Amino acid sequence: MSQYNVVCGGENNSCTAADVDVIQLDVQGVSKNVNLKIEDLNWALLSNIPDVLLDLLEVAAYVYCADQRITRGSDKLSDHGRQWRRSLHFTIPLRQPDLWASEAVSSALCETLGFLSDDAYSFDFVKATKPLAERSLYFPDLVDGTFVPDDIALFSGGVDSFAGAVENVIGNGRKMVLVGHHSATKVYSVQKELIEGLQKMGAGRNIFYVSVNVTNTGAGATEYTQRTRSFLFASLALVVARMFGKNEFTFYENGVVGLNIPIAKDVLGARATRTTHPKVIQGFETIFSALLDNEITVKTPYQWLTKREVTEKIREYNCGHLLSQTSSCTRPRTWTKHKRHCGACSQCIDRRFGILAAKMGELDPAAGYEIDLLLGDRSIDRDVRMAVAFVKFCQTFVSLTKAGFISEHPQITSALRYLPGLSADDAKDRIYDLYRRHAHDVLEVIQDGLKLHADELVWGELPTGSLLSMCFSRGHIDIPPPSGYDQKVKAFIDELGKPVCEFAVDTDAGKILFKGGFSLEGANFKLIQVLLDNHRMGKKAAAEIAFIASPDLALALKMDEQSLRQQIARLKKAVHETLPAALGIVLDVIENKQREGYRLNPELREVSKGDL
Amino acid sequence: MGHVRLGRLPSSRDWRQIVGYVVAGDISVAELADAVADASDKSLMKAIRDPALIEVIWLLMKIPQAARSQHFSQELNALGISVPTNPSVTDVVAGFDAAVEAVQRQGGKGITDLGEMAKQAGIAALHGVVQDRLPSLWVPTREDERTTLASLDAPDRFGDLSQRFFSRLVEHNIQYFLDREMPKHIGPDQINHSIGDMAAFDGAVRRHCEETTVIMRAYAKDWLGNHGFHQGKNLSRKDASNFSYTAFEKIRSELSVRRTAHVTV
C-alpha cells in the first residue's frame, strides 16, 4: 500500500522515510492550495460557529483535497488492485486538537473514513503554531436577513435530492436550507436552475440555498473517484445546520444507491461508493456527536425507496416539468448545452431506468443523453460494461431467493447492523425486498422497450451494441447441459464417511441409545417405542414407513393431543441439542405430516446394542 | 452519489492471450476459467499470507465449535465476533464481517482485494451451508440455526463448508477478471449472444469451480478429523494458515491437472 504524509496548514514535515510521499495542503496564505467557500449566509449566523466546527471544515476539506491529489492507480487493477488503497497520515493544526485526538473522535474518524474510502487513515492533530484562518475567510458574500428553517438537507441537483426538496417544500410546506456543493460551474448552474424553478412555483420564501465550493487550487486533481466526498458534504451540512441551531440534517438518496451492492466481481469494497451506506451514516453521527458533545442525527428518509419510487414523488407534487433540469451524471466535463447526461456512467443508467420505470420518460427527453439507454450504440468498450453489468445484476436478482440473498451478495452484511430499529434478519429481508422492486423496475423498462421497439428488433434496425439488442439478440439458443457431475462427485466423496444416525433399543434399561453416549429415556423412550413398530415394518418390507395418526398415538401413550405435541417438542429439543454437534447429524427424529400423523424419520437406522 | 468504478483487464501477454480466446469465442468455459486461474496464479498465492484469509478460515473452524456451547454468543464474542444474545446465522455473518474487517485494519496493512474476496467467500459459504441444511418441515428457529452451525464441527460437514469457501474464492478470483472483459463480447457472433447468456456463462464458471475444489471435501474432512478430534487440539490461526497453504496447493495441483487434460484433448 502506498504511503503518504499529508502535512496541512503550514506545519513542518517530520517524516523522513524514503518510501513516503509528502503532500502539503493549506487553506490560506501564500501556499494556499485548498479553496473552501460557503456562500450566501447571513452575517448573524457567523457567530454561531464554534471553533470545533471551523476545525471540522478544515479537516474535511483537507481529507477531500488529499483524496483527489493522490492516484489510486489505473482501472486495470494491476496486482489485484494494490494501488487502489492508500495509507494516508495527516498532520493538521487545529483550534481544539485535544478534542480531535480523543479516542472517541479519532477512532470513529479513522474507522468511518477507512470504510468510506478503503484507505488507511491516521491523524496527528496539533496545536497551531501559526495563526489559523479567520472564520470570515470561508464565508464570503454574507447577506442580511433572517431565515428560520425546519430542515437542512444536502442538495446535489440530482433526482433524489430534488425529490426531497419538492416533497418537503412543495408537498409539506416546510422551510428548508439546501446545501449544494459544487466543484464545477456546470453543477452550480443545475442547482441554481432548480432552486429558481421551485421559487417560480411559489416556494421562494421556503428555500434558503447555500452554495459551497471546495476545490484544489494550483495543483490539479488527479484522482476523480472522490470516495471521501460524503464526509465533506456531511461536514458542510452539519456546520450549516448548527449555524441555524439544528442538530440534524438530511441526505436524500434512494436505498439502492445508498447500499450500492456491487454489480460486478471486480467491484470490491469502496469501488462501489459508500457515500450514504448505513455504516457510514452511523459513523458520521458518532463523529459529530462526539465533537459537539450533543446527539447529532443524519437522516436518510429515502433509505427504503427505489429510484422509481423517489422519482414518482416529483410527479406527485406537480414538479415533473423540472425533472429534465435535474442532473445526475458523474461526468460534467462531457456535458454540452443540450446534453447533460453521458448516458454511460452508473448514475445516468440508474437515473434513466428509474425515470422510465416511473413512466416519466416524456418529462426527461432522451435527447438529453449522449447515449440513449436502450437504443444507443454502446459498442465503445468504455460504455458497454456498466449498462450490461447493471442489467445482468437485475436479471439475476429477480430469480434469487431470500434464503440465498446473503450467499450471493455477501457484501450486504456490512450494512445489516447499522439500520436503526431493525435486527440483522429484518434488515436483510427489507434490503432484499427493496432490491427485488428495483430489479423488477429495470426489467419492466426493458420489457416496455421490447414492446415499443419490437419492429426495429425484428428488422435488425437497432445497433447491435444497443442495450435492447444485447438483451435479446441470439444466434442460437444455448442451454447448458444438466451436468450433475459435481453433485455425483460430492456425493461420492461424502459417502466415504457419511454419518448415519444409528440407534439401538435397550428395552431392559428403557433407553433409546445413540452413538457418543447420548440416549433418550422416560417419556421420550415410550414415544419412540410406540412409533417403532411401523418403522420396523416399513424397513423390513422396504416400503414407505406409515404414519400414526395423532389421536391414535396420543391414545397409545395415554395422554391428550396437546400433551403429545409438547412431548414431541421436548424430544426434538433434546435431540437438536446433541446430535448435530456430536455426530454432525441434523434431522428431525420424528416427522410430522399434516392429516397423517407422526412417524420416525426413515433415515434413522436401528442396529443392535452391541453394534452401536 | 452511488458511483461505481469498473476496471479493465491488465495488458500483460497472458491477459492479451485470454482476451484473444474470448474474441475467438471457440473456447470452453472450463478452458477459459483455467486460463484465467493460471494467469492470476501468482496473485492468488499471495492470498495465503493475507491476514484476512487466515482469519476467515480460522473463524470458519471456530464458529461451529462456539455453536456447540450453551453460551454461544459469549463464545462468539471471545472470537471477536460481536453478536446479540441468541444470535441468528445472519447476526453471526454480520459479526463475522466486522471481525474480519477489524483484522484487515490492524497493523496499518489495510484491506486487499484478495482479503475482501476471502471475507465474502467465508460469509457466502457459512450462510449458504446453514441455509441448505436447515430443517425444511417447519420454519427454522434460531435454535435450529445454532445446531446446524454446530453440526459443521463434524469433519464431513467441515469438508462441505471448506469446499464451498474455496469454490467461492476461486470463482470470485476468476470472475474478478472475466467480468471486466465479457460484457464487451455480446452479440450474434460473439462468445455470449445476449446478456442472458452471460448469466448462464456465470453458472458454468461456478460449476467449474465446484468441480475444481471438490478435492477440498476429502482434504478438509481428514484434516479436521486429525487435528480437531484425534489430537484434541485447540485450533489456532497458525493451524488455519497451514491448512490454507495445503488447500491452495491442492487446488493449484487440480487446476494444473485440468489444464494438462485440456491440452491433451
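Quick caveat: nothing in here was measured; it's all calculated off a predicted structure. (Residues numbered from 1 in each chain as written. Chains lettered and ligands numbered in written order. Predicted model: local features only at pLDDT ≥ 70, side-chain atom pairs only at ≥ 80, totals over all residues. Heavy atoms only, no water.)

Draft legend 1. Seen up close, the packing of helix H4 (residues 51–68) of chain B against helix H6 (residues 89–105) of chain B. Residue and element names in this part refer to chain B. With their axes 9 Å apart at the nearest point, H4 and H6 run at an angle of 145 degrees to one another. Classified by chirality, the crossing of H6 by H4 is right-handed. Touching Pro51, Ala52, Glu55, Val56, Leu59, Leu60 and Ile63 of H4 are Val92, Phe96, Ala99, Val100, Val103 and Gln104, all from H6. In terms of residue class, the contact of H4 with H6 is made up of eleven nonpolar, one polar and one charged. (Axes fitted to C-alpha atoms, helices over the stretch in contact; angles between N-to-C directions. Helix = DSSP H or I, 4+ residues; strand = E, 2+ residues; numbered from the N terminus. Left-handed = near helix turned anticlockwise from the far one by under 90°. Contact = heavy atoms within 4.5 Å. Nonpolar A, V, L, I, M, F, W, Y, C, P; charged D, E, K, R; others polar.)

Draft legend 2. Quick look at empty space enclosed by the protein. By the definition in use, this model includes nine cavities of 30 Å³ or more. The computed volume of the largest cavity comes to approximately 220 Å³. Around the largest cavity sit 22 residues that line it, and A:Phe115, A:Gly269, A:Arg274, A:Gln411 and A:Ser414 are the ones nearest its centre. The element best represented in the lining of the largest cavity is helix H7 (residues 113–133) of chain B, accounting for four residues. When residues are assigned to domains, the lining of the largest cavity turns out to be shared by domain 1 (2–155 + 214–298) and domain 2 (328–492) of chain A, each giving three or more. (1 Å grid on protein atoms, 1.4 Å probe; cavity = no way out; pocket = protein on both sides within 12 Å on 5 of 7 lines; lining within 4 Å. Points joined across faces, edges and corners; volume = space filled by probe spheres on them. Domains from an automatic or database assignment.)

Draft legend 3. Representation of the pairing of strand E11 (residues 502–506) of chain A. Residue and element names in this part refer to chain A. Here E11 lies mainly inside the structure; five of its five residues are buried. Of the two faces of E11, the one carrying Glu502, Ala504 and Asp506 and the one carrying Phe503 and Val505 are both buried. Relative to strand E16 (residues 605–606), E11 runs parallel, the two sharing two bridges. Bridge assignment links Glu502 to a residue of E16, and that residue is Arg605. As judged from the four bridges shared by E11 and strand E12 (residues 511–514), these two strands associate in the antiparallel manner. Within E12, the position partnered with Asp506 by the bridge is Lys511. Counted between consecutive antiparallel strands, the loop separating E11 from E12 contains four residues, among which Gly510 sits at a positive phi close to 70 degrees. (Buried < 20%, exposed > 50% of the residue type's maximum accessible area, 1.4 Å probe, protein only. Pairing = 2+ DSSP bridges.)

Draft legend 4. Looking closely at the domain arrangement of chain A. Residues and elements named next belong to chain A. Looking at the assigned domains, one finds that chain A contains domain 1 (2–155 + 214–298), domain 2 (328–492) and domain 3 (498–611). Its C-alpha centre places domain 1 at a distance of 32 Å from the equivalent point of domain 2. Contact residues are listed per partner, giving 17 residues for domain 1 and 20 residues for domain 2. Carbon and sulfur atoms make up 67% of the area that domain 1 and domain 2 hide from each other, which totals about 1,600 Å². A per-residue breakdown of the area domain 1 buries against domain 2 is headed by Val256, Ile261 and Ile263, which together make up 40% of the total. There are one salt bridge connecting domain 1 and domain 2. With a shortest N-O distance of 2.9 Å, Arg385 and Asp266 are connected by a salt bridge. (Buried area = accessible area lost by both parts, 1.4 Å probe. Salt bridge = Lys/Arg side-chain N within 4 Å of Asp/Glu carboxyl O.)

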